[in-house]
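Chain by chain, the residues run as shown.
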Amino acid sequence: MPLMNLQAKEIRKRYSVDELKKAANIMRGYDLICLAAAGSGHAGGTLSIMDVTAALYLNVARLDPDEPEWPGRDRIVWSAGHKAPSLYLGLGMAGYYDVKDVVTLRKLGSPFQGHPHWLKLPGVEASTGSLGQGLSIAVGMALGLRLEKSDARVFCIMGDGEQQEGQIWEAAMEAGHYKLDNLVAIIDKNRLQIDGWVKDVMNVEPLYEKYQSFGWEVFEVDGHDMSAVVETFGRALANKGKPALIIAHTVKGKGVDFMQDVAGWHGKAPSIDEMKKGLAQLGLEGKLPVEELLNEAVKYQKHREVELSHKMPKFCRDYWWNTDELMRVEMQPTRKGFGRALQELGDDERIVCLGLDISGSITISDFYDKNPERKNRWISVGIAEQSAVGVAAGLARQGKIPVLGTYGTFAAGRCLDQIRTTVCYGEFNVLIAGAHGGVSVGPDGATHQALEDLFQICGLPNMNVSVPCDLVETRKATEHLLFGLKGPKYIRFAREATPIVSTEKTPFKFGEANVIRFRREEPRFIDAFETTVASNYSNEGEQLTIIACGPMVPEAMRAAYILKQEYDAETRVINMHTLKPLDAQAVIRAAKETGIIVTAEEHQIGGLADRVCRIITEAPELFHVPVITGAIGVKDRFGESGAPWELIKEFEVSAEHIAHKARQLMEIKHKSSELHQIR
């Protein structure tokens, strides 16, 4: 069915097969440009699905770009949300907006988020990103349309690695049971996922027979043969009495030889040079407005940077990281500390690591990368987080020390019931890594930014939780959780490179906070501070306390530096690296001795703040002590795409925001003291 114009009651355009081929090729070109301009994204899968995308949006689906919410439209759900650029380009080519607009992909404030969000962009039917959920949404839409007696159809695009998610098969069962012949699912079978070949990571075959057994009519097609793709869509839509599945055999990175069939291009964007090489291979050199688009991306970025600058609290000078010759820091991703610990300590035969398809990204594969003899203790379960938790519990019951990890938003959210019932209730010795915590995850956007995981995990009985501040402390925390603590345990760390503010000599005692004091400006930031275990610290008469965890500890330290330089204020910084059990005595002493507590977390306000405030309100020692509290963190909103450090500013969790909040509370305390003296 061609694109519609409802107002004129006519067909907008009929695309021939040759025109569809050309459109798909142009879309691949725009895809490379947009990914290169973004500097991040998923090249491999966006290129593999592009022929299907062109056919679907320009030839098959009933759509009207002027009426995105037309009740009679066909619905297209992208369960494989990481292929969002293909979706955006499909909508652009269909006329929903100028296709050139997609060049702001993954930038702060852009509707073209790293994963699609239906509330930001007309034409997007559902917000997706957590794999395995889209087919269920499509089933719900198909059921709803049936209830309305509508002849509209629902299409759902999935990946083949995604078939490892158990929810896919629940939805497949439901669609077959209800004989949803208004549903057409498409599997982009490019045979690769992040960790390698699908057949090696976790084999999903035989897909044809499996879907047939669930009551589906199954079709197979060469996903790059446009004529066959269009014809197969026609056959699927003519099918009656069953849901239809199209298995599209594709090539990851199609059209660009150095990307084709390479797993490493799953979540990677081309450089400008690689983009130009790709355009040449697509026969598009000089045929697309490359410089115009790149300049537009730069212009958009500069505009956003100016807006962010206006939002930032202002001080006498710029204290941002490494903007001066003094107070320089080295930055490394905290996740590398996790991998380093597993690499160094992995000889213990009890340790068994589980791979959940993002192994290199979270560094859990460091366990065996340089030690192939450990590969027998590496169990790949693929994209199946919930099952992995149960498998880990079974391993723990057998006396092993299982370690599993994935993005924190999946580890804590998707698996919460399994962690609660199987691991915590049974008190199994399982170490769970919640990687990529906080907004600093960056351009992947809201679906991949763990902003609620500490609520979820800290609320579980028997659970122990560590949120280390940097790479060095992450290694120490991992070692302790492996061998110094038996029971359920969760370690949360960030993705982005963050300041290293501790050394091997810095004390680390699980369950006991550290006190950090700014002493003087130094060439190296780390040398400007002194760290003491909280129980050994003697009161120095500080005017306030900042309690922080994770990557907010370096921000709290920088805030203490700002407060000293700008207002001659002395600040006690508490590194609350253990969130459960939380060091209550360190909190009580700080509240009693300084009278002002500011919490700082890269999380929804409350993951740390609520736990600290509860201690303050329940401690008998503080019943007659005036304590002023404030909180820095994410303010009850979802994340969004943007560069990591942009998001630190956008979500108001930088040192500048901490210092500004601290100054406000100090002024309140001062005015309160003056009023008390007058009375």
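On a predicted model such as this, the values are computed, not experimentally measured, just so you know. (Residues numbered from 1 in each chain as written. Predicted model: local features only at pLDDT ≥ 70, side-chain atom pairs only at ≥ 80, totals over all residues. Heavy atoms only, no water.)

Asker: Just give me the short version of the pairing of strand β8 (residues 217-222), but keep the residues and values in it.
Answerer: Sheet topology places β8 next to strand β9 (residues 244-249); six bridges connect them, and they run parallel. Within the sheet, the bridge partner assigned to Glu220 lies in β9 and is Ile247. In this region the chain leaves β8, passes through helix α9 (residues 226-238) and returns to the parallel neighbour β9; the handedness of that crossover is right-handed. (Pairing = 2+ DSSP bridges. Helix = DSSP H or I, 4+ residues; strand = E, 2+ residues; numbered from the N terminus. Right-handed = clockwise from strand over helix to strand, strands pointing away.)

Asker: Go over the nonpolar core, please, and point to the residues and values.
Answerer: Formed by 69 residues in total, the largest nonpolar core has its most connected members in Leu56, Ile76, Tyr88, Phe155 and Phe233. It is helix α1 (residues 17-38) that provides the largest number of residues to this core, a total of 11 residues. Leave out the neighbours within four places in its chain, and Ile76 touches Leu56, Tyr57, Ala61, Leu63, Glu125, Phe155 and Ile157. Core analysis: the next-biggest nonpolar cluster, separate from the first, contains 49 residues, Ile419, Ile457, Tyr490 and Ile547 among them. (Core = buried A, V, L, I, M, F, W, Y, C linked by side-chain atoms within 4.5 Å. Buried < 20%, exposed > 50% of the residue type's maximum accessible area, 1.4 Å probe, protein only. Contact = heavy atoms within 4.5 Å.)

Asker: Quick one: what's the story with the side chain of Arg374, residue by residue and with numbers?
Answerer: The topology assignment puts Arg374 in the loop between α14 (366-369) and β12 (378-380). Since its relative accessible area comes to 2%, Arg374 is described here as buried. A polar atom in the side chain of Arg374 sits 2.8 Å from the backbone oxygen of Phe367. (Polar contact = N/O pair within 3.5 Å; in protein donor to acceptor, adjacent residues only side chain to side chain.)

Asker: Talk me through the packing of aromatic side chains; I want residue IDs and the actual numbers.
Answerer: According to the stated counting rule, one finds 17 aromatic pairs in the structure shown. An angle of 45 degrees between the planes, with centres 4.8 Å apart, marks the rings of Trp169 and Tyr211 as tilted. Residue Trp169 is located in helix α6 (residues 166-177), and its partner Tyr211 is located in helix α8 (residues 207-213); the two are separated by 42 residues in the primary sequence. In this structure Trp169 comes out as buried when scored by relative accessible area, which is 17%. Through a chain of ring-to-ring contacts, the aromatic side chains of Phe315, Tyr319, Trp321, Phe518, Phe525, Phe529 and Tyr561 assemble into a single cluster. (Phe/Tyr/Trp six-rings, centres within 6.5 Å; stacked < 30°, edge-to-face > 60°.)

Asker: How would you sum up helix α21 (residues 584-594)? Please name residues and give values.
Answerer: Residues of α21 that are buried include every one of Ala586, Val587, Ile588, Ala590, Ala591 and Thr594, and no others. The opening residue of α21 is Asp583, an N-cap whose side-chain oxygen sits 3.4 Å from the backbone nitrogen of Gln585. Taken from the residues just after α21, Gly595 is the one with a positive phi, measuring 80 degrees.

Asker: Give a description of empty space enclosed by the protein that names residues and reports values.
Answerer: Remark: the empty space left among the atoms is shown by a probe the size of a water molecule rolled over them. Taken as a whole and assessed by the stated rule, the structure comprises seven cavities of 30 Å³ or more. Residue lining of the largest cavity: 13 residues in total, with Tyr319, Trp320, Leu326, Met327 and Tyr561 positioned closest to the centre. Considered class by class, the residues forming the lining of the largest cavity number seven nonpolar, two polar and four charged. As a volume, the second largest cavity reaches approximately 70 Å³. Put simply, the parts of the chain that give the lining of the second largest cavity at least two residues each are β17 (497-499), α20 (552-567) and α23 (644-650). (1 Å grid on protein atoms, 1.4 Å probe; cavity = no way out; pocket = protein on both sides within 12 Å on 5 of 7 lines; lining within 4 Å. Points joined across faces, edges and corners; volume = space filled by probe spheres on them. Nonpolar A, V, L, I, M, F, W, Y, C, P; charged D, E, K, R; others polar.)

Asker: Please give an account of the sheet that holds β8 that cites residues and values.
Answerer: A sheet is described by the order of its strands in space; here five strands give the open sequence β3-β4-β5-β9-β8, paired in parallel fashion. Each of the sheet's edge strands pairs with one partner strand only, and the pair in question is β3 (75-78) and β8. On average, each strand axis in the sheet is tilted by 20 degrees relative to the strand beside it, whichever way the strands run. Against the sheet, helix α3 (residues 50-60) touches β3, β4 (154-159), β5 (183-189) and β9, its axis set at about 160 degrees to β3. (Axes fitted to C-alpha atoms, helices over the stretch in contact; angles between N-to-C directions.)

Asker: Which residues make up the state of the cysteines, and what are the values?
Answerer: All chains considered together, the criterion is met by zero disulfides. With no disulfide partner, Cys458 has as its closest neighbouring cysteine sulfur the one in Cys549, 8.8 Å distant. Among the cysteines around Cys469, which has no disulfide bond, Cys549 carries the closest sulfur, lying 10 Å off. The exposure class assigned to Cys469 is buried, which follows from its relative accessible area of 2%. (Disulfide = S-S within 2.5 Å.)

Asker: How would you explain helix α19 (residues 471-484) if you had to name every residue and give the values?
Answerer: Spanning 14 residues, α19 covers 19 Å between terminal C-alpha atoms, matching the ideal 20 Å at 1.5 Å per step. Burial runs high along α19: 10 of the 14 residues are buried. All of the buried residues in α19 are Leu471, Val472, Glu473, Thr474, Arg475, Lys476, Ala477, Thr478, Leu481 and Leu482. At the N-terminal boundary of α19, the capping side chain belongs to Asp470, with an oxygen 3.2 Å from the backbone nitrogen of Val472. (Expected span 1.5 Å × (residues − 1).)

Asker: Describe the packing of α21 against helix α22 (residues 609-618), listing the residues and the values that go with them.
Answerer: At a closest axis distance of 10 Å, the pairing of α21 and α22 adopts a crossing angle of 65 degrees. With respect to α22, the element α21 is oriented roughly perpendicular. The two elements α21 and α22 cross, and the hand of that crossing is right-handed. Facing α21, whose interface residues are Ala584, Val587, Ile588 and Ala591, α22 presents Val612, Ile615 and Ile616. A per-class count over the contact of α21 with α22 returns seven nonpolar, no polar and no charged. (Parallel < 35°, antiparallel > 145°, perpendicular 65-115°, else oblique. Left-handed = near helix turned anticlockwise from the far one by under 90°.)

Keep in mind these values describe shape, not function.
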